[in-house]
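Commentary on secondary and tertiary structure
Here are the chains, one letter per residue:
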Amino acid sequence: MPQETYALSLPVAGRRVVVVGAGQAGTPVVRRLLAAGAAVLVVAPEASPEVREAASAGLIDWLARPYRSGDATEAWLVHAAAGDAEVDALVAADAERAGTWCVVEQPEPSTSAAHAPVGRAGKVALVGGGPGAADLITVRGLALLAEADVVVVDRLAPRALLDDLSPGVHIVDVGKSAGDHPVPQHEINAVLVDRALAGKRVVRLKGGDPYVFGRGGEEHDACVAAGVPVEVVPGVTSAVSVPAAAGIPVTHRGVARGFSVLTGHDDAGRVPTSGDHTLVLLMGLARLERTCAELIARGHDPHCPAAVIEDGFGPRQRTTVATLATIAARAREMGVRPPAVAVVGDVVRRSPAWACAADRALALAGARAYGAEGGP
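Cut-offs used in this document
Residues numbered from 1 in each chain as written. Predicted model: local features only at pLDDT ≥ 70, side-chain atom pairs only at ≥ 80, totals over all residues. Heavy atoms only, no water. Helix = DSSP H or I, 4+ residues; strand = E, 2+ residues; numbered from the N terminus. Buried < 20%, exposed > 50% of the residue type's maximum accessible area, 1.4 Å probe, protein only. Contact = heavy atoms within 4.5 Å. Areas by Shrake-Rupley, 256 points an atom, 1.4 Å probe, with all protein chains shown as cover. Salt bridge = Lys/Arg side-chain N within 4 Å of Asp/Glu carboxyl O. Patch = residues over 30% accessible without salt bridge, like charges linked within 9 Å, V, L, I, M, F, W, Y side chains within 5 Å. Pairing = 2+ DSSP bridges. Axes fitted to C-alpha atoms, helices over the stretch in contact; angles between N-to-C directions. Parallel < 35°, antiparallel > 145°, perpendicular 65-115°, else oblique. Left-handed = near helix turned anticlockwise from the far one by under 90°. Nonpolar A, V, L, I, M, F, W, Y, C, P; charged D, E, K, R; others polar.

1. Observations concerning the overall build of the protein
Looking only at helices and strands, the protein has ten helices and 15 strands in total. In the protein, which comprises 376 residues, the proportion classed as buried is 43%. For the protein, the share of sequence-separated contacts (at least 6 apart) that also reach a separation of at least 24 residues comes to 61%. Summing over all exposed atoms, the protein offers an accessible surface of approximately 19100 Å²; the carbon and sulfur share of this is 56%.

Printed below as a string of structure tokens:
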């Protein structure tokens, strides 16, 4: 017979909390604890991209191995979220002996067709979440999230929205970063199809727009081939919105008549070389120096204005400006980190950051001239 439970709201700010498990059950727990200011230790042999990124940034501690008795000795609170009944039971028993608060996360309900909701067909919605800020998703996308049984989420999607989902919603983290694709695309396609065929309402939450370098077309085709109803909800693409956040319009009357959007892996030589055609580079920070050299070799003016915008609409948004010939070196000097969008073209001069850089250059030149004339 199941025991009755008593719900509490615990102040965890500054307290040591151990989370055993960093997968589908443990990841949202870590996210909520970080938001509450807890000092988090994760114990898990594998971890989701979100947890690995938090560990790399020094936001949490991560023991990358299976749980051992004693790992939670110094904890004020323990979350058993391994997704393995035996491991979770061991964690709970250790916490009981130590007199430590322990929450055992309930296992995810089966998603097999035999357990599909009666009378309800599954479906998939490919939702563009916009450039990252939670309030830039479309009204339609937000409504579909509120109805979802399963949310399959990307690394650059507006993850703050996940905190508002109902407790029973299953979150599948398939986030990718440069050189790290823990869940291959064919497996993501399979997750969407399998969950929908099991009667689930699935939202594939992406950053930007599903059809702008988001592989949404492949996911759409996989659903159609499997007979799964699929809807595409456009999103605000970072190719336009992130430059706008930095004060850079990709087109402007009398300055730029058009623009091209490439990933960092595309051949930059295929785009027009004039400054009145804006070039936007997505996911191109690691290859920025090579791309700039290719553009110059193909006839682009090395003095053409260029900018890199980090974390558009995020807490560390910053714009770095220079010329096409110097932007890669300037980005290294400034310690620019992904996610970042690069812009090349005369429209960069409209950014406040460009005006500030020009003012600094004039001030420096004036100081040098004053010194040369015998000033202090």
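2. Describing the pattern of salt bridges
By the definition in use, this model includes 21 salt bridges. Between glutamate 231 and arginine 140 there is a salt bridge, with its nearest N and O atoms 2.9 Å apart. Highlighted residues: glutamate 231 in strand E10 (residues 230-233) and arginine 140 in helix H4 (residues 139-147), separated in sequence by 91 residues. One salt bridge connects glutamate 218 with arginine 215, and the closest N-O pair in it is separated by 2.9 Å.

3. Overview of a nonpolar patch on the surface
A surface patch of nonpolar side chains, about 270 Å² in accessible area, is lined by Val212, Phe213 and Met283. Judged by its relative accessible area of 30%, valine 212 is partly exposed.

4. Comments concerning the sheet that holds strand E6 (residues 123-128)
Taken together, five strands build an open sheet; the order of strands is E8-E7-E9-E6-E10 and the sheet is parallel. Two strands in the sheet have a free side with no partner beyond their single neighbour: strand E8 (170-173) and E10. For this sheet the average axis-to-axis angle between neighbouring strands, irrespective of direction, equals 15°. In the sheet, strand E7 (residues 150-153) pairs with strand E9 (residues 201-206) via four bridges, with the strands oriented parallel. Of the residues in E9, the one forming a bridge with valine 153 is leucine 205.

5. Section: the sheet that holds strand E2 (residues 39-43)
Sheet architecture is open: five strands sit in the order E3-E2-E1-E4-E5, paired in parallel fashion. Lying at the two open borders of the sheet, with one neighbouring strand each, are strand E3 (61-63) and strand E5 (101-104). Within the sheet, the average angular offset between the axes of one strand and its neighbour, ignoring direction, is 20°. Pairing of strand E1 (residues 16-20) with E2 involves five bridges; the strand directions are parallel. Its bridge partner lying in E2, valine 18 is registered against leucine 41. Strand contacts of helix H3 (residues 85-98): E1, strand E4 (77-80) and E5, with the helix running at about 165° to E5, the strand carrying the most contacts.

6. Section: the pairing of strand E13 (residues 305-310)
Among the six residues that make up E13, six are buried, leaving the element largely enclosed by the rest of the structure. Every second residue of E13 is oriented toward a common face, with Pro305, Ala307 and Ile309 on one face and Ala306, Val308 and Glu310 on the other, all of them buried. Taken together, the six bridges between E13 and strand E14 (residues 318-323) define a ladder with antiparallel strand orientation. Its bridge partner lying in E14, isoleucine 309 is registered against threonine 319. Bridge count for E13 against strand E15 (residues 340-344) is five bridges, and the pairing is antiparallel.

7. Some thoughts on the packing of helix H8 (residues 288-297) against helix H9 (residues 327-334)
How two helices sit against one another is set out by the angle between their axes and by the gap between those axes. One can describe the packing of H8 onto H9 by two numbers: an axis separation of 8 Å at closest approach and a directional angle of 160°. Between H8 and H9, the interaxial angle falls into the category roughly antiparallel. In this structure, H8 meets H9 at a crossing whose hand is right-handed. On H9, the residues that touch Leu288, Glu289 and Cys292 of H8 are Ile327, Ala328 and Arg332. Here the residues of the contact of H8 with H9 are counted per class, giving four nonpolar, no polar and two charged.

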